[in-house]
Amino acid sequence: MAGDDIISVQGLCNSFGDQIIHKDLDLDVRQGEILGVVGGSGTGKSVLMRSIIGLQEPTAGDIHVFGEAMIGKEEDEATDVRRRWGVLFQGGALFSTLTVAENVQVPLREFYPDFSTDLLEEIARYKIHLSGLPPEAAHKYPSELSGGMRKRAGLARALAMDPELLFLDEPTAGLDPIGAANFDNLTRNLKETLGLTVFLITHDLDTLYAICDRVAVLADHKVIAIGPIEDLLATDHPWIKEYFSGPRGRAARRGHAKRVDK
Ligand SMILES: Nc1ncnc2c1ncn2[C@@H]1O[C@H](COP(=O)(O)OP(=O)(O)OP(=O)(O)O)[C@@H](O)[C@H]1O
């Protein structure tokens, strides 16, 4: 494991019954980068994220986060590591019976049961602001929010504990192109201002070009390639060629080149 790796996964295996998801998968995530994780549907991107954050017990392998071995750790033993990361699940995974502010307070109440109500409310207000939501969103229920606002509310909750590491599972899925680009900008700004490391699962080629420092490609049960997009473009794997050099990949590259030229 290199010294600046925030996450190191080695020899990871996951199966469900006869279905092999990962076999000897290796991956490293470096301090301060946005790592995009891509792959066809069902290649195990979410299962990989769930394995890293301890929601999925792998059948074999080693996972280190912040240098701490995670496999086999009981939930309470992992508390010190868990409080250093935030997670935005696919769809936001907000509690429907809680307001946005109450949702943001959930991890704070778990880790800091002694915080006063005033302090919890102040932190929630700040995180809601950081996520680009208007102050009045704090008192709304998830069902009263648009899809984009729900993502931002999920992000506010992921930021509740001042994480160093952020996991984002398809944050721009279902957003219109302007909403998706805004969310990308927000992610990049938060990464830069808060010094975050970001593990970002996405199908969104524009997101990869706009904000990812490196991209890891999942196929054939493992990470078949990892690096800056320019490096991936030079690889011969058929899925990678199809993905980055197909019509959508070419359009995303052209769009990115235009934005860089401006
Ligand atoms: N708890 C589970 N029990 C059984 N099978 C599961 C479970 N979780 C995931 N799987 C299976 O593992 C495979 C990988 O799922 P995963 O959600 O990680 O895919 P993904 O790469 O994130 O896909 P997508 O891009 O469509 O979101 C799928 O075939 C899925 O059905």
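These numbers come from a predicted model, not from an experiment.

So, on to the pairing of strand E3 (residues 34–39). With six of six residues buried, E3 is to be regarded as a mostly interior element. What you see with E3 is no split at all: Ile 34, Gly 36 and Val 38 on one side and Leu 35, Val 37 and Gly 39 on the other are buried throughout. Direction of pairing for E3 relative to strand E8 (residues 197–201): parallel, over a ladder of four bridges. For Val 37, the partnering residue across the bridge sits in E8 and is Ile 201.

Buried residues of helix H3 (residues 100–111): Val 100, Ala 101, Asn 103, Val 104 and Gln 105, and no others. On its buried face, H3 is in contact with helix H4 (117–130) and helix H5 (147–158).

Direction vectors running N to C along H3 and H4 enclose 115°, while the axes themselves pass 9 Å from each other. The way H3 lies across H4 gives a crossing that is right-handed. Facing Val 100, Ala 101, Val 104, Gln 105, Leu 108 and Arg 109 of H3, the residues of H4 in contact are Leu 120, Glu 121, Ile 123, Ala 124, Lys 127 and Ile 128. The residue makeup of the contact of H3 with H4, split by class, is eight nonpolar, one polar and three charged.

What follows covers unusual backbone geometry. Located in the positive-phi region is Asp 162, a residue other than glycine, with phi close to 50°. As for its placement among the helices and strands, Asp 162 is situated in the loop between H5 and strand E7 (165–169). With 12 C-beta atoms counted inside 10 Å, the residue Asp 162 sits in the exposed group. Here the phi dihedral of Asp 220 falls at roughly 55°; this positive angle occurs in a residue that is not glycine.

Glancing now at the sheet that holds strand E4 (residues 60–65). Spatially, the four strands line up as an open sheet ordered E2-E1-E4-E5, and their pairing is antiparallel. Of all the strands in the sheet, the pair left with one neighbour each is strand E2 (19–30) and strand E5 (68–69). The pairing of strand E1 (residues 5–16) with E2 spans eight bridges and is classified as antiparallel. Looking at E2, one finds that Asp 5 is bridged to Arg 30. Relative to E1, helix H1 (residues 45–52) is tilted by about 120°, and along the sheet it contacts E1, E2 and E4.

The subject of this paragraph is the nonpolar core. Counting residues in each nonpolar core, the largest one holds 65 residues, and the members touching the most others are Leu 35, Ile 128, Phe 167, Phe 199 and Leu 200. Among all residues touching Ile 128, those that are not within four sequence positions of it are Val 100, Ala 101, Val 104, Leu 133, Pro 135, Ala 137, Ala 138 and Ala 156.

Contacts to the ligand come from Phe 16, Ile 21, Gly 39, Ser 41, Gly 42, Thr 43, Gly 44, Lys 45, Ser 46 and Val 47. Of the residues forming the shell around the ligand, the biggest block, three residues, is contributed by H1. In terms of residue class, the shell around the ligand is made up of three nonpolar, six polar and one charged.

Here the focus is the environment of Val 104. With respect to the secondary-structure elements, Val 104 resides in helix H3. A C-alpha to C-alpha distance of 8.6 Å links Val 104 and Ile 123, two positions 19 residues apart in sequence. Excluding residues within four positions of it along the chain, Val 104 makes contact with Ala 124, Lys 127, Ile 128, Ala 156, Arg 157 and Ala 160.

Another aspect to go through is the sheet that holds strand E6 (residues 85–88). For sheets, the rule is that strands pair by backbone hydrogen bonds, running either parallel or antiparallel. Here six strands make up an open sheet; going across it, the order is E6-E7-E8-E3-E9-E10 and the pairing mixed. Only two strands of the sheet have a single partner each, and these edge strands are E6 and strand E10 (222–227). On average, each strand axis in the sheet is inclined to that of its neighbour by 15°, with strand direction left out of account. Examined bridge by bridge, E3 and strand E9 (residues 214–219) share five bridges and lie parallel to one another. The residue bridging Gly 39 from the neighbouring strand is Leu 218, located in E9. With respect to the sheet, H5 is in contact with E6 and E7, its orientation differing from that of E6 by roughly 165°.

Cut-offs and rules
- Every chain's residues receive numbers from 1 upward, in the order its sequence appears when written.
- Two thresholds apply to this predicted model, a pLDDT of at least 70 for residue-level local features and 80 or more for giving and counting side-chain atom pairs, whereas whole-chain, interface and lining totals are computed over all residues.
- Labels follow a simple rule on C-beta atoms placed from the backbone: if 20 or more others lie within 10 Å of a residue's own, it is buried; if 12 or fewer, it is exposed; otherwise it is partly exposed.
- Under the scheme used here, helices are H or I runs from DSSP no shorter than 4 residues and strands are E runs no shorter than 2 residues, and both carry numbers assigned from the N terminus.
- DSSP bridges decide pairing: two strands pair if at least two such bridges lie between them.
- Whether two residues are in contact is decided by their C-beta atoms, placed from the backbone, lying within 7 Å.
- Lines are fitted to the C-alpha atoms to define the axes, a helix being fitted only along its stretch in contact, and any angle between axes, read from their N-to-C directions, falls within 0 to 180 degrees.
- In a left-handed crossing the near helix is turned counterclockwise from the far helix by less than a right angle, and in a right-handed crossing that turn is clockwise.
- Gly is put with the polar residues, along with every residue not named as nonpolar or charged; the nonpolar set is Ala, Val, Leu, Ile, Met, Phe, Trp, Tyr, Cys and Pro, and the charged set is Asp, Glu, Lys and Arg.
- Put simply, a nonpolar core is a cluster of buried Ala, Val, Leu, Ile, Met, Phe, Trp, Tyr and Cys residues tied together by C-beta atoms within 7 Å.
- The rule is simple: place the C-beta atom from the backbone, and if it lies within 6 Å of a molecule or strand, the residue is near it.

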